[in-house]
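An overview of the molecular structure
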Amino acid sequence: MITYNNEGVKMPHIRKRGVTSWIRAVAKEYQKKTGDIGYMFVGDEKILEVNREYLGHDYYTDIITFDYSEGDTISGDIIISVETVASNAQLQRTTYGEELLRVIIHGILHLCGINDKGPGEREVMEAAENKALKMAEQFSI
């Protein structure tokens, strides 16, 4: 089951059925099934708190993914700062909606095994995000 919740911020306007179908289709591209995936939309201060408490990082970020996957079933908690997503959209000269979708699928791609911290990994992640965003056009998002 894929769930969408918010804490301390307004729930972003997303078409949950369409996004859920899209997430499942992207996972299938990586030969994965979706298990329990929980999205939590928060503000900058909450994501900073989570980053400090669970990862020992003292900085703001747009997304934190906790991976509970087993075998070919992806599961996890994905925390997204809507404030950082909005800031990044301006920096990237894109819309908030498109940046939000990019971050939503970024977490799924992490659960599918794609990393973005090592040499050359960022480019692989960006290519996977772009491919997934093209797939999104098939769904009512």
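To be clear, the structure that these remarks concern was listed above.
What this report covers is the structure whose coordinates are included nearby. (Residues numbered from 1 in each chain as written. Predicted model: local features only at pLDDT ≥ 70, side-chain atom pairs only at ≥ 80, totals over all residues. Heavy atoms only, no water.)

1. Notes on the pattern of salt bridges
Under the criterion given, the structure shown has nine salt bridges. In this structure, Glu129 and Arg122 form a salt bridge, with 3.7 Å as the shortest nitrogen-oxygen distance. Among the residues examined, Glu129 registers a relative accessible area of 1% and is labelled buried. According to the relative accessible area criterion, Arg122 is partly exposed, its value standing at 31%. Here the salt bridges share partners, and the residues they tie into one network are Arg102, Asp116, Arg122, Glu126 and Glu129. (Salt bridge = Lys/Arg side-chain N within 4 Å of Asp/Glu carboxyl O. Buried < 20%, exposed > 50% of the residue type's maximum accessible area, 1.4 Å probe, protein only.)

2. What to know about the packing of aromatic side chains
According to the stated counting rule, one finds three aromatic pairs in the structure shown. Their ring planes at 5 degrees and their centres at 5.5 Å tell us that Tyr4 and Tyr39 sit as a pair that is stacked. With a gap of 35 residues between them, Tyr4 in strand E1 (residues 2-6) and Tyr39 in strand E2 (residues 33-42) connect regions that are remote in the sequence. Each member of the pair Tyr4 and Tyr39 is classed as buried. Arranged with centres 6.2 Å apart and planes meeting at 10 degrees, the rings of Tyr39 and Phe41 form a pair that is stacked. Both residues of the pair, Tyr39 and Phe41, count as buried. Taken together, Tyr4, Tyr39 and Phe41 form an aromatic cluster joined through their ring pairs. (Phe/Tyr/Trp six-rings, centres within 6.5 Å; stacked < 30°, edge-to-face > 60°. Helix = DSSP H or I, 4+ residues; strand = E, 2+ residues; numbered from the N terminus.)

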